[in-house]
Every structure is written in C-alpha cells, then in structure tokens.
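Architecture at a glance
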Amino acid sequence: MHNSIDMKQGWEEALESILNNMGCAVYVRDAETQEILYANRVLYSTFDEEIREGVLIGLFEQDMVPGCIRGSRKVHHIRRGRWYDVYYTRMEWMGDRAVTLFVIHDITEKKAFQKRMEKQSYTDLVTGLYNRLCCERDLTDYIRAAEISGGKGILLYLDLDDFKNINDGLGHQYGDMLLKAVSRSLKGMEGIENTCYRVGGDEFIIIIPPSGCRSLREIVNGIVELFEKPWYLGDRDYYCTMSMGIVSFPGDGRSFHELMKKADIAMYEAKKQGKNRVAVYSGQMGAVSGRRLDMEKNMRDAVLMDYEEFRIYFQPIIDVREPGFPCVGAEALIRWDSGELGLIPPDEFIPLAEYLGLINPIGSHVLREACRHCKKWNDSGCPDYKVNVNLSVIQLLQSDIVESVEGILQESGLNPRNLTLEVTESLAIQDMERVKDILGRIKELGVRIALDDFGTGYSSLNHIRELPLDVIKVDQSFVKDLSGDAYSQSFIRMVGELAETIGVSICVEGIETREQFQILEGMKVRMVQGYYFDRPLPGDKFEKKYVPGWNDKAEGRGGREDCRLQKEFTNDQCGNM
Ligand code: C2E
Ligand code: CA
Ligand code: CA
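So, a few notes on the structure that sits alongside this text. Remember, it's a predicted structure, so these values are computed and weren't measured experimentally. (Residues numbered from 1 in each chain as written. Chains lettered and ligands numbered in written order. Predicted model: local features only at pLDDT ≥ 70, side-chain atom pairs only at ≥ 80, totals over all residues. Heavy atoms only, no water.)

**Details of helix α6 (residues 132-149)**
Three or four residues apart is the spacing at which side chains of an α-helix point the same way, because the helix has 3.6 residues per turn. Between its first and last C-alpha, α6 extends 25 Å over 18 residues, near the 26 Å set by a 1.5 Å rise per residue. Within α6, the full set of buried residues consists of Cys134, Cys135, Asp138, Leu139, Ile143 and Ala146. Around the axis of α6, the buried residues are gathered within 160° of arc, so they sit on the same side. On its buried face, α6 is in contact with β6 (153-160), β7 (196-200), β8 (203-208), β11 (242-249) and α10 (256-272). The opening residue of α6, the one whose side-chain oxygen lies 3.2 Å from the backbone nitrogen of Leu133, is Asn131. Of the residues one or two after α6, Gly150 is the one with positive phi, at around 80°. (Helix = DSSP H or I, 4+ residues; strand = E, 2+ residues; numbered from the N terminus. Expected span 1.5 Å × (residues − 1). Buried < 20%, exposed > 50% of the residue type's maximum accessible area, 1.4 Å probe, protein only. Arc of directions from axis to C-beta. Contact = heavy atoms within 4.5 Å. Polar contact = N/O pair within 3.5 Å; in protein donor to acceptor, adjacent residues only side chain to side chain.)

**Quick word on the coordination of the calcium ion (ligand 2)**
Around the calcium ion (ligand 2), the protein supplies Glu331 (OE), Asn390 (OD1), Glu422 (OE) and Asp452 (OD) as donor atoms, at distances of 2.1 to 2.3 Å. A separation of 3.9 Å is found between the calcium ion (ligand 2) and the calcium ion (ligand 3), which share Asp452 as a coordinating residue. Residue Glu331 is found in strand β14 (residues 327-338), and its partner Glu422 is found in strand β17 (residues 419-424); the two are separated by 91 residues along the sequence. Note on Glu331: relative accessible area 3%, which makes it buried. (Donors = N, O, S within 2.8 Å, 3.2 Å for Na, K, Ca; no water.)

**Section: the coordination of the calcium ion (ligand 3)**
Binding of the calcium ion (ligand 3) to the protein goes through Asp452 (OD), Asp453 (OD) and Glu509 (OE), at separations of 2.2 to 2.4 Å. Considered as a linear motif, the donors of the calcium ion (ligand 3) on their single chain read D-D-x55-E. Exposure remark for Asp453: the relative accessible area of 25% places this residue in the partly exposed category.

**Overview of unusual backbone geometry**
In this structure, Pro250 follows Phe249 across a cis peptide bond, with omega equal to 5°. Mapping Pro250 onto the fold places it in the loop between β11 and α10. A positive phi angle, near 50°, is found at Phe325, a position not held by glycine. Turning to its location among the elements, Phe325 is positioned in the loop between β13 (310-319) and β14.

**Some points on the pattern of salt bridges**
Tallied over the full model, the rule gives 41 salt bridges. The closest approach of N and O atoms between Lys376 and Glu543, which form a salt bridge, is 3.9 Å. Pair noted here: Lys376 is in helix α13 (residues 359-379) and Glu543 is in helix α21 (residues 539-546), with a separation of 167 residues, a long-range link. Here Glu543 falls in the buried class, since its relative accessible area comes to 2%. Across the pair Lys473 and Glu509 runs a salt bridge whose closest N-O atoms are separated by 3.6 Å. (Salt bridge = Lys/Arg side-chain N within 4 Å of Asp/Glu carboxyl O.)

**Brief notes about the site of ligand 1**
Close to ligand 1 lie 21 residues, the nearest being Gln315, Arg335, Gln476, Glu512 and Tyr531. Separating an oxygen atom of ligand 1 from a side-chain N or O atom of Asn390 is a distance of 3.0 Å. At a separation of 2.8 Å, an oxygen atom of ligand 1 approaches a polar backbone atom of Tyr531. Surface burial for ligand 1 is 85%, taken as the share of its 790 Å² of free accessible area covered by protein chains. Those elements that place two or more of their residues in the shell around ligand 1 are β14, α12 (346-356) and β18 (448-454). (Near = heavy atom within 4 Å. Areas by Shrake-Rupley, 256 points an atom, 1.4 Å probe, with all protein chains shown as cover.)

**A word on empty space enclosed by the protein**
What the rule picks out here adds up to 2 cavities of 30 Å³ or more. By volume, the second largest cavity amounts to about 30 Å³. Together, Ile265, Tyr268, Glu269, Lys272, Val288, Ser289 and Arg292 line the second largest cavity. When residues of the lining of the second largest cavity are traced back to their parent elements, those giving at least two are α10 and α11 (283-304). The element that contributes the greatest number of residues to the lining of the second largest cavity is α10, accounting for 4 residues. Looking at side-chain class alone, the lining of the second largest cavity contains 3 nonpolar, 1 polar and 3 charged residues. (1 Å grid on protein atoms, 1.4 Å probe; cavity = no way out; pocket = protein on both sides within 12 Å on 5 of 7 lines; lining within 4 Å. Points joined across faces, edges and corners; volume = space filled by probe spheres on them. Nonpolar A, V, L, I, M, F, W, Y, C, P; charged D, E, K, R; others polar.)

**Things to note about the sheet that holds strand β5 (residues 97-106)**
For sheets, the rule is that strands pair by backbone hydrogen bonds, running either parallel or antiparallel. The strand order β2-β1-β5-β4-β3 describes an open sheet built from 5 strands, whose pairing is antiparallel. The two strands at the open ends of the sheet, each matched to only one other strand, are β2 (36-39) and β3 (70-77). Along the sheet, successive strands turn relative to each other by an average axial angle of 20°, direction set aside. One ladder, built from 6 bridges, connects strand β1 (residues 25-30) with β5; its direction is antiparallel. Paired with Val28 across the two strands is Leu101, which belongs to β5. With respect to the sheet, helix α5 (residues 108-121) is in contact with β3, β4 (82-93) and β5, its orientation differing from that of β4 by roughly 130°. (Pairing = 2+ DSSP bridges. Axes fitted to C-alpha atoms, helices over the stretch in contact; angles between N-to-C directions.)

**As for the side chain of Arg29**
Inspection of the secondary structure assignment puts Arg29 in strand β1. Here the side chain of Arg29 touches Gln34 through a polar contact of 2.5 Å, side chain to side chain. Each residue touching Arg29, except ones within four places of it in the same chain, is listed here: Gln34, Glu35, Ile36, Leu37, Ile57, Glu61, Ala98, Val99, Thr100 and Phe102.

**Remarks on the packing of α13 against α21**
At a minimum axis distance of 12 Å, the contact between α13 and α21 shows a crossing angle of 20°. By the angle between their directions, the pair α13 and α21 is classed as roughly parallel. For α13 against α21, the interelement crossing comes out right-handed. In this structure, α13 contributes His373, Lys376 and Trp377 to the contact, and α21 contributes Gly539, Phe542 and Glu543. (Parallel < 35°, antiparallel > 145°, perpendicular 65-115°, else oblique. Left-handed = near helix turned anticlockwise from the far one by under 90°.)

**Looking at a nonpolar patch on the surface**
Residues Leu15, Ile18 and Met22 make up a contiguous nonpolar surface patch of about 260 Å² in total accessible area. The residue Ile18 is located in helix α1 (residues 2-21) in this model. (Patch = residues over 30% accessible without salt bridge, like charges linked within 9 Å, V, L, I, M, F, W, Y side chains within 5 Å.)

**Points about the nonpolar core**
Counting residues in hydrophobic clusters, the biggest one holds 112 residues, and the most contacted among them are Phe310, Leu419, Val508, Val528 and Phe542. For this core, the element with the most residues is α10, which contributes 9 residues. Look past the residues within four positions of Val528 in its chain and what remains in contact with it is Pro316, Ile317, Ile318, Val320, Cys507, Val508, Ile511, Phe517, Leu520 and Phe533. (Core = buried A, V, L, I, M, F, W, Y, C linked by side-chain atoms within 4.5 Å.)

Spatial relationships are all this shows, so hold off on functional conclusions.
This is the structure we're talking about:
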C-alpha cells in the first residue's frame, strides 16, 4: 500500500515536471465551476500579466464552440504581437470531474516563416511585383467577393508592344531594366499600388476591385499617359508602349482562366489597332479570336512547311522622269495562301507574325526570294532593275540584322545596290541613335534605304534629315484625295522639294487613276506605283510582262522596249479593277 502511494506521488511529480518543461503552456479548467484546476509553469511565466488582469480565458477561449469535445484555433495576441495555436479537449479529471485541457503553442516564428515563404512564392523576383500565382489567388477572392456583394470588378491586362525589340536587340539587362521601370511606375499609381501583378515575360495585370471602379477611367488614362513618355534605361531614353485589354468580373467570367482568356483576346484587339491602345472585351471578339488562333497555328505550320504557302508578288515601280515611263524594278509584297484559311492579305497576318516573333523567319524568306528574283532579272537584260523589300521594325531591331542581310545578298549574288529595304517611320522614334546606326551599317553593304508610308503616324521632318535615306515613299492616303485636296497636293510638292534638296528620290504609291497621275506632274516625283500602272503580280507574270530578257528566253521575243509601260494600255486595264 505504502509502495503504491509512493509510486503515485513519484508519477505525479514526474508528470508535473514533464508538464513544466514542455515548450507550451497548459491549463485545465473545470467545465462547471470554470475554476482553473491546474496550470503549468510556462503558463504562469508567459501569461502572468494576462492572469493578473483576468483576461487569459477571454483571450484563448473566445469563439469556442460550446459543447465541442475537442478542437483547435489560432489566436492573434495583438498586444504582444504574437500568434498562438490553442488546442482544447474535454476529459475527466481525477475520475469524476469534467474538465477542459488547454494546450497553447507559440507559433509566431513559424507564422513569420510561412509568411516569408508565401511572400517569396507570390513575388516576381525581377520586378518585386506580385506574380501570376498571387494574381490567381487574389482574383479568385475578388471574384467571390464581387459575386457576394453584387459589385463589378475590372481586370486590366497589359502587354508591352516593344519589349522584344529591347530585350532581343539590346540584351536582357535592358529588358530587365525596362520591366523594373514599368513596374515601379505602375505601382506608383494611386489606387492600384497593391493590385499590380507581373504574370508573364512582358505581361502585367491590374485588378480594380468593385470599390475602386469609379476611378477606372482615371487609372486607364494614367497608364496610357505613362507609356506615351520614353523610359530611361541607364544610359538614355527608349520608347516602349503597351496594349491593354479590359474585362470585368463576374460579368465576363467567374474564374481566373476565363477572365485571362478574354482579357488576352481584348488585348490582341488593342494591339491590332496600333500602339498604346486599349480595348474593352466584347462578345463579338470571341469569334475574331477564333480566327486569330487558327491563323496562329496555321502560320507556325506554314513556316515549318518551308514557307510554301507564302507567295511573293511584285508590283512594278515606274520611273516617271524617263520617257515612256519605264519599269525600273518592283516592290516585293507577301501573300499567304493558307491551305486551311484561304488567301490572307499581309495587313491581316503581318501584325500577328510580328506579335508571335515569326516575322523574322518569314521576313528572311521574303528577302531571300526577292533577291533571288531580282538577280534573275538583272541577268536577263535588266541589270538596273531594283527590288524593294519591306522590313518590319522587329526585323530591323534584331541584333544580327546586318549580318543576315549580308548573308542573303551573298547567297543570291545580287548586287547590293539593287536592293532597297523599306522601313516605316514608326521605328525611327523608338530609338533614333540605334536605328541610325543599324541603317548606316546596312547602307555600308551598298543597300539602299526607303522610308515607307511617309506622312502617317509619327511623321517628323527631322527623320528625313537624320536617317540615311535614298528614297521617301509618300503614303497612299495623300494620293486618295489628291484631286480635291489642296493639303495633299502641297504635302507631296513640299516633300518633293525637300527630297530634291537633300538628294533623296521621292516615290508616290497608290496611284489608281490618270487624274491622280497627271496632278503629280511638275512635283519632282521620281517614281510611282499603283493600280493605274499595275497591280502586284506573281513572280512569273511580272517577269513575263516586265523582264524582256525573260520573254526572250521563254517565248523568243521582246526587247528593252517591253520594259516600257504604255500609259494608255494600263489605263484601259485600270477599268476592270
Ligand atoms: P505597303 O508597304 O505600303 O505596300 C503597298 C500596299 O499598297 C500593298 O498592299 C499594295 O498592294 C497596295 N497598293 C499598291 N498600289 C495600290 C493602289 O493603287 N491602290 C491601292 N488601294 N493599294 C495599292 P499589300 O500587298 O496588301 O500590303 C500591305 C502592307 O503589308 C504593305 O504596305 C506592307 O506594310 C505590308 N507588307 C507586305 N509585304 C510585306 C513583307 O514582305 N514584309 C513586311 N514586313 N510587310 C509587308
Ligand atoms: Ca512598302
Ligand atoms: Ca507604303
């Protein structure tokens, strides 16, 4: 008997010692009288203040579900700035008393660690913005909240227009600098400080919860304005705009993926309209985007299939200063005869090819084919025929563009002075110094440069002076209303004068009627193109009609005279266009 009492005492002491040395606070409370029957040393030493103030029970037992046998909850002790896990369980005390055992673990460090990990996994390392994962989590919450409150939230989806140029052309260092600069500016905008996310290489999302929707217009305008200015990247300013798609939730979608898909469709619509544009999603866009996806897939296949579906047409360029208005070469214009989608004009697929980065291989194909054809013309009795090839901004800003042009010239054996590369003005404002340098190096190869679509977009007379140009091509829009519009007439006359002064030729495109052509007389225009003379023709047709040496070979007739175009003949032809 004695022995068993001793043993019991020994056990209790051992148990007490264990409880006092556990890394957690423990107490037992009578379920009926609410009296604390036991508390370990950790509880007394940690929560002496709370015990003295009588707030211990309120702190750890608030919100406990009555009648619940066991459970756990997290408690935030605001005054101490600590977090606790509280486990409780009903049990019997000394055989007949119903009590509740409480075990309290301090989890502050664990929680802080978790928070750090969470922050890391939700943060984009390059920009410090929240990442895609975080966006998905937050958006899901915002959608749910909007559904409950009946409100409407907005998602803005931004894709940078010129990121590829900067990243591929100048290097990742500059790409990263740009992403950081954009992120800093977005985050600095009032109302969206905490809802900016980087969700892809150069894609950003901004969520405007229902409460912030009233300032939508302000936010969107603010973003557009932000991108109208250049970005300072370490050494100088670079232009980079964005295209924005806008969707609302829950109206346009109730899940992250659905909203992302629609925002992407709207964004692409914005991109098609030009740079720094914004488009709001509408149901009709869905069908259009189906075509875009079809085009995307088919275009990738067409590139893989050795470009067979891409055809190069040639539109004659006419020298109006020579008697008889001879053809002096042609502009190469691409067409895509897609087996699945039919004939697709360049205006429709070139922007997509640029967006997908496929313009580089496709553009090289055009250049290769154009050089190959022109070499044949030069070898077939027209040694001075020139070929003009359109070069997209994306191509021009590729880091190896000069080597690529040089390689193709060598491969074809074409005399470099018979190649003219047409570039548009929009690229000039991007980074004048870089564009000047690239064009300068291309010119060193002996290749000529034409400034295409002059008079549209970002026209600046300074471009004419600064860029190493050989030809200025006046945009077709000036020809359209040439007969009735004094402005168009004066514009062409002025460009003609200017071009002559700086030793550059002027080419007017899009001449469709005799009247338009006649108005140009005396305007110092050197070359013309247009349906009035001829449409773009497949290679063999162009050769038959405009390369006399070709005819010699093919039909045993012809001569230099055939190069000359009879105005009357083409005028008749114009009728059935
Ligand atoms: P662009 O360089 O301004 O080419 C002239 C466009 O005007 C061509 O359209 C041509 O067919 C059309 N055109 C010629 N004469 C007349 C006329 O009298 N009246 C009218 N209304 N139009 C005329 P196309 O072939 O549809 O090409 C459209 C644009 O697509 C081109 O405009 C060019 O920017 C782009 N493009 C075409 N081929 C290529 C290419 O190989 N590479 C690149 N990057 N862009 C290309
Ligand atoms: Ca052109
Ligand atoms: Ca043009």
